[in-house]
Amino acid sequence: MASSLSAARAIDFLCEHTPSKSRVMALLAHDNGPSSLTAVLTCKDPDHAYEAVGILRRVLARRDATAVEDELKALTAEMPNAPASSLRQAVVQAASGNWGADPGALFVVPEPEPDPSEDDPATGAVRGPVGHPRLQDLPGKVVRISHLYEFHVTDEDALLRAAVARGWEPLPASELGDDDPRDLIGAVMTLTEDPDVAGTETLEDQSSAELLSPEDGDELADWSRRPVVTRFTHGWRLREQRTRPASESKTPNFSALFDTQGCPCKGEDEGCEECGWQLTPRTAD
């Protein structure tokens, strides 16, 4: 099925980074069709792409290109001629609210419906459509690995700079809470694949792995009817701080229970008739 796309308008700008280049993309809305992405400019410096997105977003929000004249001039002075020219043109388009997009076509490939004949009447399980198999459809073993990380943020600025260099952009202020106004969560998530996350101290790094088995009731996460739950090692440091349970009996006072009686022989005469044999506190203990 195909449908023509009408004139577009920019609704946001995004960065795309690869090891060799960075690209600025415009997210366009169409009156007749879904939103689409179109390239604005390509450059080698990721910082230039990030700054360009910031400029374009401010122009888009205010519909005023004059508000960014100074920073636009400073940035384009550092950029090669081609991306600088593309950025200036994009600023004009963002200020106007309209985007000169070429007409296109939307092709929708219908997803095949699951074949009812392949359902399992014994268990009631429904096999997934082509391209989205269930656990029982896979001939080989499936390994599930879960990770648990805990990071202590020691330098917020260093963390944010490292995340920006990887193409991260913080969430809009309207989507952030008072507990995380700088979107540190998003920055840390962007860098979790690094051995050492900049600006943080790793407090915990655990992994848990298991083989999934349909016979045990396991299922792939996308098809699972229940949440995927993983148990990690916990509380082992508390073992060093455990005290004696309150129910444990205390050592009795043997000196009070087995008080020895005084005698002139001082216990040296085994045949003394006055003191005789006594159970001492030490013997009782």
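Report follows, based on the coordinates. Predicted model only: the values in this text are computed from it and were never measured.

About the criteria used
Residues numbered from 1 in each chain as written. Predicted model: local features only at pLDDT ≥ 70, side-chain atom pairs only at ≥ 80, totals over all residues. Heavy atoms only, no water. Buried < 20%, exposed > 50% of the residue type's maximum accessible area, 1.4 Å probe, protein only. Helix = DSSP H or I, 4+ residues; strand = E, 2+ residues; numbered from the N terminus. Arc of directions from axis to C-beta. Contact = heavy atoms within 4.5 Å. Salt bridge = Lys/Arg side-chain N within 4 Å of Asp/Glu carboxyl O.

1. With respect to helix 2 (residues 69-78)
Of all the positions in helix 2, only L72, L75 and T76 are classed as buried. One face of helix 2 carries all of its buried residues, which in axial projection span an arc of 95°. Facing away from the buried side of helix 2 by over 90 degrees, the exposed positions are D70, K73, A77 and E78. On its buried side, helix 2 packs onto helix 1 (46-62) and helix 3 (81-96).

2. Quick notes on the pattern of salt bridges
By the definition in use, this model includes 8 salt bridges. The residue D12 makes a salt bridge to R57 at a minimum N-O spacing of 3.0 Å. Residue D12 is found in strand 1 (residues 8-17), and its partner R57 is found in helix 1; the two are separated by 45 residues along the sequence. With relative accessibility at 23%, the residue D12 sits in the partly exposed group. A relative accessible area of 30% places R57 in the partly exposed class. Residue R58 pairs with E71 through a salt bridge whose shortest N-O separation is 2.7 Å. Of this pair, R58 sits in helix 1 while E71 sits in helix 2; the two residues are 13 residues apart in sequence, bridging distant segments of the chain. The class of R58 is partly exposed, set by a relative accessible area of 32%. Given a relative accessible area of 32%, E71 falls into the partly exposed group.

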